[in-house]
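Each chain is listed here by its residues.
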Amino acid sequence: MSFTDASAELASASHPPGERAVSVLWSFGKCLGALVPVYLAGYYGFSISVVLLVFMIYMGWKHSRLEKVMRLKSAMYLLENEKEFTTAKVFRSKRDLPPWVNFPDVEKVEWLNKIMQQAWPFIGQYLEKLLVETIAPTIRASSIHLQTLSFTKVNLGDKALKIVGVKAHTEHDKRQVMLDLYVSYAGDVEINVEIKKYFCKAGVKGVQLHGKLRVILEPLIGDVPLVGAITMFFIRRPKLDINWTGLTNLLDIPGLNAMSDTMIMDAIASHLVLPNRLTIPLVPNLLVAQLRSPLPRGVVRIHLLEAENLTAKDTVIKGIIDGKSDPYAVLRVGTQVFTSHHVDSNLNPQWREMFEVIVHEVPGQELEVEVFDKDPDQDDFLGRVKVDLDIVKKARVVDDWFSLRDVPSGSVHLRLEWLSLLSSAERLSEVIQKNQNLTSRTADPPSAAILALYLDQAHALPMRKGNKDPSPMVQISVQDTTKESKTCYGTGNPSWEDAFTFFIQDPRKQDIDIQVKDDDRALSLGSLSIPLTHLLSCPKLTMDQWFQLENSGLGSKIYFKIVLRVLWLSDDATPTTPPRPSSSGSGMGPGGITSELNPMGPGGLSKPPSTRPQHATPDSDFATEGVLRIQLVEAQNLIAKDNFMGGMVKGKSDPYVKIRVAGITFKSHTIKENLNPYWNELYEVILTQLPGQEIQFELFDKDIDQDDFLGRFKLSLRDIISAQCIDTWYTLNDVKSGRVHLVLEWLPRVTDLVRLESVLQYQSQQTYQDKTVPSSALLFVYVERAHGLQLKKNGKEPKAGAEVVLKNVSYKTKICERSTSPRWDEAFHFLVRDPREEILTVKISHSWGQALGSITLPLRQLLSESGLVLDRWFNLDGALPESQILLRVTLKILDTQLAACKGEGDVTINEVIPKWDPSHLDLKHRGGPFISTENGGVGQVKISIGYSMEEGRLFITVHACRALAPCSKDGADPYVSFVLLPDKKATTKRRTATKKRDLNPEFNERFDFDFSLEESAQRKLDLSVKHNVSFISRERELIGKMQLDLDQIDLKNGVTQWYDLVAEAN
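What counts, and where the lines are drawn
Residues numbered from 1 in each chain as written. Predicted model: local features only at pLDDT ≥ 70, side-chain atom pairs only at ≥ 80, totals over all residues. Heavy atoms only, no water. Helix = DSSP H or I, 4+ residues; strand = E, 2+ residues; numbered from the N terminus. Buried < 20%, exposed > 50% of the residue type's maximum accessible area, 1.4 Å probe, protein only. Contact = heavy atoms within 4.5 Å. Areas by Shrake-Rupley, 256 points an atom, 1.4 Å probe, with all protein chains shown as cover. Pairing = 2+ DSSP bridges. Axes fitted to C-alpha atoms, helices over the stretch in contact; angles between N-to-C directions. Polar contact = N/O pair within 3.5 Å; in protein donor to acceptor, adjacent residues only side chain to side chain. Patch = residues over 30% accessible without salt bridge, like charges linked within 9 Å, V, L, I, M, F, W, Y side chains within 5 Å. Salt bridge = Lys/Arg side-chain N within 4 Å of Asp/Glu carboxyl O. Arc of directions from axis to C-beta. Phe/Tyr/Trp six-rings, centres within 6.5 Å; stacked < 30°, edge-to-face > 60°. Lys NZ or Arg CZ within 6 Å of the ring centre and 35° of its normal. Core = buried A, V, L, I, M, F, W, Y, C linked by side-chain atoms within 4.5 Å. pLDDT = per-residue confidence, 0-100.

K.L.:
Hey, could you run me through the overall build of the protein chain in this one?
P.N.:
Within the protein chain, the regular secondary structure consists of 16 helices and 54 strands. Taking all 1066 residues of the protein chain together, 47% fall into the buried category. Intrachain contacts of the protein chain at a sequence separation of at least 6 include 66% that bridge at least 24 residues. Per element, the accessible surface of the protein chain, about 55,300 Å² overall, is 54% carbon and sulfur.

K.L.:
Got a minute to help me understand the pairing of strand 28 (residues 626-636) in this structure?
P.N.:
As a general feature of sheets, a regular strand has side chains that alternate between the two faces. Here strand 28 lies mainly inside the structure; 9 of its 11 residues are buried. Pairing of strand 28 with strand 33 (residues 678-687), which is carried by 8 bridges, proceeds in the antiparallel orientation. Each residue of the ladder has a partner; that of E634, found in strand 33, is Y678. As defined by bridge partners, strand 28 adjoins strand 37 (residues 739-747) across 9 bridges and the pair is classed as antiparallel. Bridge pairing in strand 37 places A635 opposite V740.

K.L.:
Even after reading the chapter, I still don't get the sheet that holds strand 34 (residues 694-701), so can you show me in this structure?
P.N.:
Strand pairing in a sheet is mediated by backbone hydrogen bonds. Such pairs are either parallel or antiparallel. Taken together, 4 strands build an open sheet; the order of strands is 32-31-34-35 and the sheet is antiparallel. Two strands in the sheet have a free side with no partner beyond their single neighbour: strand 32 (664-667) and strand 35 (708-716). Adjacent strand axes in the sheet meet at a mean angle of 15 degrees when their direction is disregarded.

K.L.:
Just checking my understanding: could you explain the side chain of S944 for this structure?
P.N.:
The residue S944 is located in strand 47 (residues 937-948) in this model. Of the residues examined, S944 reaches a relative accessible area of 6% and is grouped as buried. In terms of polar contacts, S944 uses its side chain to reach the side chain of H959, at 2.5 Å. Residues contacting S944, with those up to four places away along its chain left out, are F955, I956, T957, H959, V1055 and T1056.

K.L.:
I tried to follow a nonpolar patch on the surface on my own but got confused; where do I start?
P.N.:
Taken together, the side chains of F28, L32, V36, Y39 and L40 present a nonpolar region at the surface, about 500 Å² in accessible area. Among the structural elements, F28 can be located in helix 2 (residues 17-43).

K.L.:
What am I meant to see in unusual backbone geometry here?
P.N.:
Of note, the bond from E218 into P219 is cis; its omega dihedral lies within 30 degrees of zero at -10 degrees. As for its position among the elements, P219 is in strand 4 (residues 200-220). A positive phi angle is found at R352, which is not glycine, with a value near 55 degrees. Relative to the helices and strands, R352 is located in strand 13 (residues 350-359). Positive phi values are uncommon outside glycine, yet D734 reaches one of about 65 degrees. By the secondary structure assignment, D734 is in the loop between strand 36 (725-731) and strand 37.

K.L.:
What should I look at first to understand the pattern of salt bridges in this one?
P.N.:
Oppositely charged side chains are able to pair whenever their charged atoms sit close together. Under the definition given, this model contains 36 salt bridges. When the shortest N-O distance is used, the salt bridge between R415 and E417 registers 2.7 Å. The class for E417 is buried, based on a relative accessible area of 5%. Salt-bridge contacts for R888 lead to D871; the nearest nitrogen and oxygen are separated by 2.9 Å. A residue pair is termed long-range when its members are at least 10 positions apart, and R888 in strand 46 (residues 884-894) and D871 in strand 45 (residues 869-875) qualify at 17 residues. D871 sits in the buried class, given a relative accessible area of 14%.

K.L.:
Would you mind going over the sheet that holds strand 11 (residues 327-333) with me for this structure?
P.N.:
Here 4 strands make up an open sheet; going across it, the order is 12-11-14-15 and the pairing antiparallel. Each of the sheet's edge strands pairs with one partner strand only, and the pair in question is strand 12 (336-339) and strand 15 (380-388). Going across the sheet, the axis of each strand differs from the next one's by a mean of 15 degrees, ignoring polarity. Here 4 bridges tie strand 11 to strand 12, and the two strands are oriented antiparallel to one another. Counterpart to L331 in the pairing with strand 12 is F338.

K.L.:
I would appreciate a short explanation of helix 10 (residues 428-436) in the present structure.
P.N.:
Since the α-helix advances by 3.6 residues per turn, residues separated by three or four positions end up pointing in the same direction. Those residues of helix 10 that fall on the buried side of the exposure criterion are L428, V431, I432 and N435. All buried residues of helix 10 fall inside an arc of 95 degrees around its axis, so they share one side.

K.L.:
Explanation requested: the packing of aromatic side chains in the structure shown.
P.N.:
For any pair of aromatic rings, the description consists of the separation of the ring centres together with the inter-plane angle of the planes. Scanning all chains against the criterion turns up 18 aromatic pairs. Taking the centre distance of 6.2 Å and the plane angle of 70 degrees together, the rings of F978 and F1009 count as edge-to-face. Placement of F978 in strand 49 (residues 974-981) and of F1009 in strand 51 (residues 1002-1009) is noted, with a sequence separation of 31 residues between them. The two residues F978 and F1009 agree in class, both being buried. Members of the aromatic cluster, connected to one another through ring pairs, are F978, F1007, F1009 and F1011. Between the NZ or CZ atom of R962 and the centre of the ring of W1058, over which it lies, the distance is 3.8 Å.

K.L.:
Would you mind going over the environment of G663 with me for this structure?
P.N.:
Among the structural elements, G663 can be located in the loop between strand 31 (655-661) and strand 32. By relative accessible area, which is 84% here, G663 ends up exposed. Along the chain, G663 and I695 lie 32 residues apart, while their C-alpha atoms are 10.0 Å from each other.

K.L.:
Quick question: what am I supposed to make of the nonpolar core here?
P.N.:
Generally speaking, a soluble globular protein has its nonpolar side chains buried in company with each other. If you look at the biggest cluster of nonpolar residues, it comprises 38 residues, and the most contacted ones within it are L451, I512, I558, F560 and I562. Within the residue set of this core, elements represented by two or more residues are helix 10, strand 19 (449-459), strand 20 (472-478), strand 22 (495-504), strand 23 (511-518), strand 24 (524-531), strand 25 (542-548) and strand 26 (557-568). Those residues in contact with I562, other than ones at most four positions away along the chain, are L451, A452, L453, I512, I530, L535, L541, T542, M543 and F547. Among the nonpolar cores identified, the runner-up in size contains 36 residues, and A800, V804, W824 and L857 belong to it.

K.L.:
Teacher, can you tell me more about the confidence of the model for the protein chain here?
P.N.:
Any region with low pLDDT has predicted coordinates that should not be read closely. Overall, the predicted model of the protein chain reaches an average pLDDT of 79, with 79% of residues at or above 70. Low pLDDT, under 50, characterises residues 6-14; the predicted model gives this stretch 3 contacts beyond four residues in sequence or across chains. The low-confidence segment residues 576-610, where pLDDT is below 50, has 100 contacts with residues more than four positions distant or belonging to other chains.

K.L.:
What is the right way to look at the pairing of strand 52 (residues 1020-1027) in this model?
P.N.:
Most of strand 52 sits out of view: 6 of its 8 residues are buried. The sheet contact formed by strand 49 and strand 52 spans 8 bridges and is antiparallel. Considered in strand 52, the bridge of S977 is made with S1024. Bridge analysis of strand 52 against strand 53 (residues 1038-1045) gives 7 bridges, and the strand direction is antiparallel. Considered in strand 53, the bridge of L1021 is made with L1044.

Here it is in structure tokens:
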């Protein structure tokens, strides 16, 4: 007997004859059922097209059903074998990897998944009990048609919900813990429901849900359970896929399936997707409404300017001939969606539209821009881009081109502005004036403020006819925008706990109109009108009170909390304008925005005026840099590191110096076996005068393996600038002995040509060991734009970049997108030895390849110009006759005090320039162990204290300490701790990180406190610098301390200062 026959015989033996007969009859019935519709169609004379339509619907449903089942099985298999898939070679793309692989700050929580898997059957039991005993009776009581409803099966299956990654955010607010849970569920859940009265069965068999759930634990409290409430929400809509059964199988029909999933997602979004939140209070007397609807973090103003190089979708002759596209953009931030107008037949459209979105959570929320091609049937996809709004918050203004993803080509130009929320009306007039200067052709001009309304409850609303309780809801209108609350059924004392936000153009002219109505919208239960001018006179622009309703009962009132916030864009938030794409076809639509104050528009990229500018327009800080000249002369009494016989015989050192300033490092040559080396080397560096900038000097002993440390010290650039010229010795810190002799000079910049001869004469008389020739001038070059560049050999516009060269130093601009009139707006600077001999060269090329022209400018031409400035269009050599470039070239003579002395005759330098006395700069505090202790001085601490009116917070920044007293033979491991007195519970106590073995530590840590300005002024800062020791150590812990009454300083303007520390005994 064959194996097949044996199998068939075994199968037939395993089923009784009656069961086999039922199976045959069932197969016959299915065939008959399939033929019955065909027979009935012929019997009643239906067209064959109806039969085909039904057949097509059935096949579509079958295909959709199989697809859902396959997706569910694939997702379940993937979750079960995550580790194998992660490590396998098939995952070549980052998007295929789980979050804990993509992002190092996302952690795996397998322990939590194991707990969830173990508890899953019991969670299923609880859900079954909840559905059967609680939810089902509630549904049956809600309608007469549902009195026979029952849950016939509730089974969560074996596949538990998985947390594939957790990211914790603890750096933003010390009063809360913020967690991002990457949730993934692909389960074999089965829930069936039956309505016996109508012989109706329906259900779900298999669900997929994937998304990022944010969980916020706040406020943190000092009592069990330590957390006041749990708030959770999805930052973006999660991905949902449901496999229906029974009557709901109809929802899998093509067209209905997307509609059903969308409706369910809308229901989820109305409760769990931003700005909606689910808040679970854990302690009584908690303001849940404030947690459920917090004030937004800010507003982002989006300027959708243009796009370029989009994909052509409207092709001709089946794609043989490329056509155009009719592009439009869809912008999404959470549940806020905007659509631009479409531009006909243009691959480089210009929209020039503006949108404003409220940002509720950063980090987390993203701006998603999708570009589509408008078609009569289905719009074609042209690409997408996502921008993290946390980047916009930090940068204040982002103005850039973004490449479109998931398409071969295309980029979109966006200008994103972060608008802070001010709780004061001081700048309201200024904001409104700025907005009025923006000429907008959209229906919505820029907003000056946002209004947040928290609708809490109402009391004693009037009854309906027949003495029935009303079912009140509230309509809130501001200008043309109306929003509705939920309905509270059958009560005259409703509690809504809803929140609403409105954009306000001018609070001085707008009102809030409030209508309380019955659920049929016909019967009015009361009304109220609140002019926004009332808010402008309230503290912090906030009203939190009961309001008496008009046209209502005598005791009818409603409770609102109304908050107005002015939208402020920082004045210093001015980004670099990105390059201009080719402007073939304007496509300027009805959403265009231009600026009267700035002809380049809000993104700097509006159409240029018909006449080209005759002069360059650099930023106000152009040509403001200066030059610091450092002469490293010698050192004395350095430590001997090259010892012999285990240190019994003292040797020498091979010292060299590292100088670090503004990210630039200079290194001297090494002097062999010398504890008193003489270098006589010169270094020059171009610096911008930024507050707090320092120059760091470190000495090392050159060794074959690892260089030994010989000491360090730091100097403040501000001190050098104020003194102009310094010639003195500096004591080395963190070592037993050693000092360095420096000559430092901040060179004045002048335009007096007479000074050039004196400077050049002084240069010729100076000699240095490294043979450096001092610079006599500083050259600034501003490359603004070019015009009329030639096309490439293939006829396309070039991607132009400019290279600026002086002797052996060269800089390159960015490469502009395709255009014959590129714009760079970039500045460069050079040190010039002798302007009578050196030549400046500017070369323009296509992507640093094909030459597009150049210009050669001898610097001696500048010497004959007024103010030593050239600012005009220059013709390009080796290019078209109309090819030009717009430059501003400025020369500054580097005057020197030493050169002036030399110019007066044979008098020596020391006779004319006395030795510099650095006493006014507190150099003794930089001398490490040699600090004066007459008054108990044990070092200094540098702190900044101020009050931010915009944020409504007191801030304290601990910058650094210097010249701390050592606590052990290794120095000290210092940290700073402080408290704001009076503070009995030490809730304001803060401390910095610990710096190991450093008597001059730098912390640069900021601490914020949510105090009012009046409360801040009543506080007293009690600060201590301590040495981090173990509890068994005998070393002293306290290094020094200081106290400061905050009412003694100007908190509004802030102060940054060094403060003396005193020992505890003092």
